[in-house]
Amino acid sequence: GNTDDGPARSEIDKHLRNAIPDPALRAFCLTNYGRSGWKIPIGSICDQLDAIRGFSDDVKGQTYEGDAFFINGGQSRFVRHAYMSTI
């Protein structure tokens, strides 16, 4: 329910279910929500959604030749083993 600190995390989770059906991705997004509200500038992100949506995730046939560094905790729920070959 609502408190002086804003909606409970479970309430936010419920509202995000349609937009973010993947429970792991939704949990990752919720790591940015705390007692005082969003820890990130959610308003700015919402204002730029069209630009963000315009980024193509179709990377088939494309390569990146630069250095990349990925950190994945051994018990992370966010980076799944099935994603590792793509990463």
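Residues numbered from 1 in each chain as written. Predicted model: local features only at pLDDT ≥ 70, side-chain atom pairs only at ≥ 80, totals over all residues. Heavy atoms only, no water.

**Details of the overall build of the chain**
Quick note on the threshold: Starting at the N terminus, helices and strands are each numbered in turn, a helix being any DSSP run of H or I of at least four residues and a strand any DSSP run of E of at least two. To get the radius of gyration, use the C-alpha atoms; to get the globule rule, take the number of residues to the power 0.38 and multiply by 2.2 Å. Here, residues are in contact when the closest pair of their heavy atoms is within 4.5 Å. The Shrake-Rupley method, run with a 1.4 Å probe, gives the accessible areas here. Residue values count only the displayed protein chains as cover. In this tally, Asp and Glu contribute negative charge and Lys and Arg positive charge; neither His nor the terminal groups of the chain are included. Think of each charge as sitting on NZ of Lys, CZ of Arg, CG of Asp or CD of Glu.
For the chain, the helix and strand inventory stands at four helices and four strands. Secondary structure elements of the chain occur, N-terminal to C-terminal, as β-β-α-α-β-β-α-α. Against the compact-globule benchmark of 12 Å for 87 residues, the chain has a radius of gyration of 16 Å, which places it well outside the compact range. Its C-alpha atoms give the chain principal-axis dimensions of roughly 50 × 35 × 25 Å. Contacts spanning at least 24 positions in sequence make up 40% of the contacts within the chain whose residues lie at least 6 apart. For the chain, the accessible area works out to roughly 7,700 Å², and carbon and sulfur atoms hold 54% of it. Taken together, the 10 basic and 11 acidic charged side chains of the chain have centroids lying 9 Å from each other.

**Some remarks on the side chain of Arg 26**
Put simply, the rule reads: Definition of a polar contact: a pair of N or O atoms within 3.5 Å, with one able to donate and the other able to accept a hydrogen when the atoms are protein atoms, and with sequence-neighbouring residues admitted only if both atoms are side-chain atoms.
Note on placement: Arg 26 falls in helix α2 (residues 23-30). Of the polar contacts made by the side chain of Arg 26, one reaches the side chain of Asp 13; its length is 2.6 Å. Contact partners of Arg 26, with chain neighbours within four places excluded, come to Asp 13, Leu 16, Arg 17, Ile 20 and Pro 21.

**With respect to α2**
Defined as follows: Classification of residues uses two cut-offs on accessible area relative to the type maximum, computed with a 1.4 Å probe and protein chains only: under 20% is buried, over 50% is exposed, and between them is partly exposed. Note: the arc covers the axis-to-C-beta directions of the helix.
Along α2, the positions that sit buried rather than exposed are Ala 24, Arg 26 and Leu 30. One side of α2 carries all its buried residues, which in axial view fall inside an arc of 160°. In this fold, the buried residues of α2 make contact with α1 (9-16), β3 (33-34) and β4 (37-38). Between the side-chain oxygen of the N-cap and the backbone nitrogen of Ala 24 there are 2.8 Å, and the N-cap of α2 in question is Asp 22.

**Structural notes on the packing of aromatic side chains**
Quick note on the threshold: Only the six-membered ring of Trp is used, alongside the rings of Phe and Tyr, when aromatic pairs are assigned; centres must lie within 6.5 Å, and planes under 30 degrees apart are stacked while those over 60 apart are edge-to-face, with the rest tilted.
All told, the structure shown has one aromatic pair when counted by the stated rule. Ring geometry for Tyr 33 and Trp 38: centres 5.0 Å apart, planes at 70°, overall edge-to-face.

**Observations concerning the side chain of Asp 13**
Position of Asp 13 relative to the elements: it lies in helix α1. Side chain to side chain, Asp 13 and Arg 17 meet in a polar contact 3.0 Å long. The contacts of Asp 13, once residues within four sequence positions are left out, are Arg 26 and Leu 30.

**Considerations on a nonpolar patch on the surface**
The test is simple: Residues enter a patch when their relative accessible area is above 30% and they make no salt bridge; the linking distance is 9 Å between like charges and 5 Å between nonpolar side chains (Val, Leu, Ile, Met, Phe, Trp, Tyr). We define a salt bridge as a contact between a side-chain nitrogen of Lys or Arg and a carboxyl oxygen of Asp or Glu at a distance within 4 Å.
A cluster of nonpolar side chains, Phe 70, Tyr 83, Met 84 and Ile 87, forms an exposed patch at the surface whose accessible area comes to about 400 Å². Relative to the assigned elements, Phe 70 resides in the segment after α4 (49-53). The class for Phe 70 is exposed, based on a relative accessible area of 55%.

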